[in-house]
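Coordinate analysis (summary)
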Amino acid sequence: MADSVKAPHENWSSRTAFIFAAIGSAVGLGNIWKFPFEAGEGGGGAFVLIYLAFVFGIGVPVMIAELALGRRGHMSPPNAVKKVAQQESRSPLWSVAGWIGVIGAFMVLSFYSVIAGFTLSYMVDSFSGSLSSLRPDNSEAYFNGVTQNFSLILAWHIIFMGITIAVVARGIRGGLEKAVTWLMPVLFAILLLLVAYSLYVGDAAETFRFLLEPDWTEVDLETVIQALGQAFFSLSLALGAIMAYGAYVPKDVSLSRSAFIIAGADTGVAILAGLAIFPIVFQYGLEPGAGPGLVFITLPIAFAQMPGGLFVGGAFFLLLGIAALTSAISLLEPLVAWLEESKGISRVQSAIGGGVSIFILGMGTVLSFNHWSDFTFWRGTIFDNIDFLTNNIMMPMGGLIIALFVGWRMRRISVRDELSTMSDFGFRLWLIMLRYVCPLALMLIFVGYAFKGVLFGDG
Ligand code: TRP
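Heads up: these notes are all about the structure in this document.

Parameters at a glance
Residues numbered from 1 in each chain as written. Predicted model: local features only at pLDDT ≥ 70, side-chain atom pairs only at ≥ 80, totals over all residues. Heavy atoms only, no water. Helix = DSSP H or I, 4+ residues; strand = E, 2+ residues; numbered from the N terminus. Rg over C-alpha atoms; globule rule 2.2 N^0.38 Å. Buried < 20%, exposed > 50% of the residue type's maximum accessible area, 1.4 Å probe, protein only. Contact = heavy atoms within 4.5 Å. Areas by Shrake-Rupley, 256 points an atom, 1.4 Å probe, with all protein chains shown as cover. Lys, Arg positive; Asp, Glu negative; His and termini not counted. Charge placed at Lys NZ, Arg CZ, Asp CG, Glu CD. Salt bridge = Lys/Arg side-chain N within 4 Å of Asp/Glu carboxyl O.

**Description of the overall build of the protein**
Helix and strand content of the protein: 18 helices and 0 strands. Computed over its C-alpha atoms, the radius of gyration of the protein comes to 21 Å, within 12% of the 23 Å expected for a compact globule of 459 residues. Structurally, the protein occupies a C-alpha span of about 65 × 45 × 45 Å along its principal axes. Buried positions account for 60% of the 459 residues belonging to the protein. Across the protein, the fraction of contacts at a sequence separation of at least 24, relative to all contacts at a separation of at least 6, is 81%. Accessible surface, the protein: about 17,500 Å² in total, of which carbon and sulfur atoms supply 66%. For the protein, the centre of its 25 positive side-chain charges and the centre of its 30 negative side-chain charges are spaced 16 Å apart.

Next up, the structure:
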């Protein structure tokens with residue numbers, strides 16, 4: 001029966017292919033670049049604990065809802081939500097959840113590609129030996145030299161978007177699936193080798209103390225909001241990526257179990273990334289709370305001094321590049337699926353058209369680091385604004401709308417039909433989290449902003 005409805009897209013060839021792709025989406029710059037420095041600033045173990053609570057208490061329930069919505073609609077996010085809303089006799093306006101996804105993913109990928117470009121540039125410089133001159137007093141200047149080099153980061157932005165487009169153009173099975181089944185094992189292998197090396201040459205004892213002994217004095221409302229935002233970003237939630245991937249999941253795959261596997265792997269990689277980075281940071285007396293520069297400014301100082309460090313550094317930046325690529329394809333997919341469906345253009349043309357548009361918006365981020373660095377408004381440079389809008393506004397908003405729609409507006413039998421493998425207890429618990437806990441937590445973000453004057457003041 002269901003087969004008589006022409007499926008507009010292919011499905012994943014297996015459950016494993018889907019899980020690999022979703023882990024590939026989740027594991028990215030967020031795990032290896034952002035998580036360690038946020039943990040470093042947020043009191044180590046204290047941040048890790050808050051983060052874990054958000055991942056499993058809020059992130060996983062929203063991920064299950066997003067996957068269920070995607071599979072039920074079996075289309076690109078805006079059309080999937082519209083279709084499900086129709087089936088449930090609800091307003092088509094709910095499709096705004098899908099639109100936040102397509103537009104938000106567009107915006108995230110525009111800067112994600114530029115940061116991924118930094119990692120590729122550092123990879124080449126590490127393997128080629130150029131990083132050997134880095135010392136505590138010149139590393140920041142070196143980083144600024146890279147980001148201020150307009151043509152260099154433009155070139156890497158072109159290369160990274162080009163690869164992303166090429167993968168997505170080849171389709172679900174021929175492109176996305178092939179890429180992740182090759183890249184994810186390589187990623188895990190490099191990561192484990194780096195952790196082993198780092199624990200061996202670095203200060204393992206101090207690292208475990210730092211990650212396990214919570215320092216609550218560093219924690220304030222901002223840390224809590226940041227941990228929630230990071231949980232959403234790291235799990236690729238609320239921007240259509242997980243919904244788009246959910247659309248291609250075969251009916252017999254358990255979405256709840258998948259969500260736990262994806263979240264578990266994502267958290268595991270974030271913690272392993274910490275175990276790769278902090279032993280070196282402590283061994284060389286560097287600052288764990290160094291902020292966004294931790295990976296690009298602090299860590300290379302150690303690579304320059306360690307035995308075999310430039311090779312290890314090259315491997316580290318290659319790891320980051322791979323992680324970024326498998327995330328980038330999930331950020332391009334929602335838009336491409338939508339263009340295919342709604343505009344009737346081929347996948348290849350959609351991937352090129354969509355990818356080039358994202359590339360052009362990304363020029364704003366490229367320029368934010370050099371020629372236009374003084375052009376600031378609201379939150380700062382163009383890059384700062386796109387980052388803030390997506391991470392702090394669109395993601396919590398999208399998550400909130402998804403939780404409200406699936407939790408309160410879909411009939412329970414429809415939802416249960418998508419989540420048929422869950423036990424009654426599990427289903428009931430999930431529904432309580434989705435209906436009450438998730439919306440409250442997400443709304444808290446906006447209340448927090450209002451108090452801190454973040455939106456309009458200088459908070
Ligand atoms: N999760 C990725 C990371 O941690 C980034 C990412 C990929 C993403 N797809 C997404 C973030 C969709 C939000 C929404 O780097």
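So, next bit.
**Observations concerning the pattern of salt bridges**
Tallying each qualifying case throughout the model produces 11 salt bridges. A salt bridge links Arg72 to Glu418; the shortest N-O distance between them is 2.9 Å. Remark: Glu418 occurs in helix α17 (residues 412–418) and Arg72 occurs in helix α3 (residues 45–73); sequence separation between them is 346 residues. Here Arg209 and Glu206 are joined by a salt bridge, their closest N and O atoms 2.9 Å apart. Of this pair, Arg209 and Glu206 both sit in helix α9 (residues 204–212), separated by 3 residues, roughly a single helical turn. Shared partners join several salt bridges into a network, and the residues in it are Arg71, Arg72, Lys251, Asp417 and Glu418.

**Regarding the side chain of His9**
Along the chain, His9 turns up in the segment before α1 (15–26). What makes His9 buried here is its relative accessible area of 9%. Not counting residues up to four positions away in its chain, the partners in contact with His9 are His74, Met75, Ser76, Tyr248, Ala337, Glu340 and Glu341.

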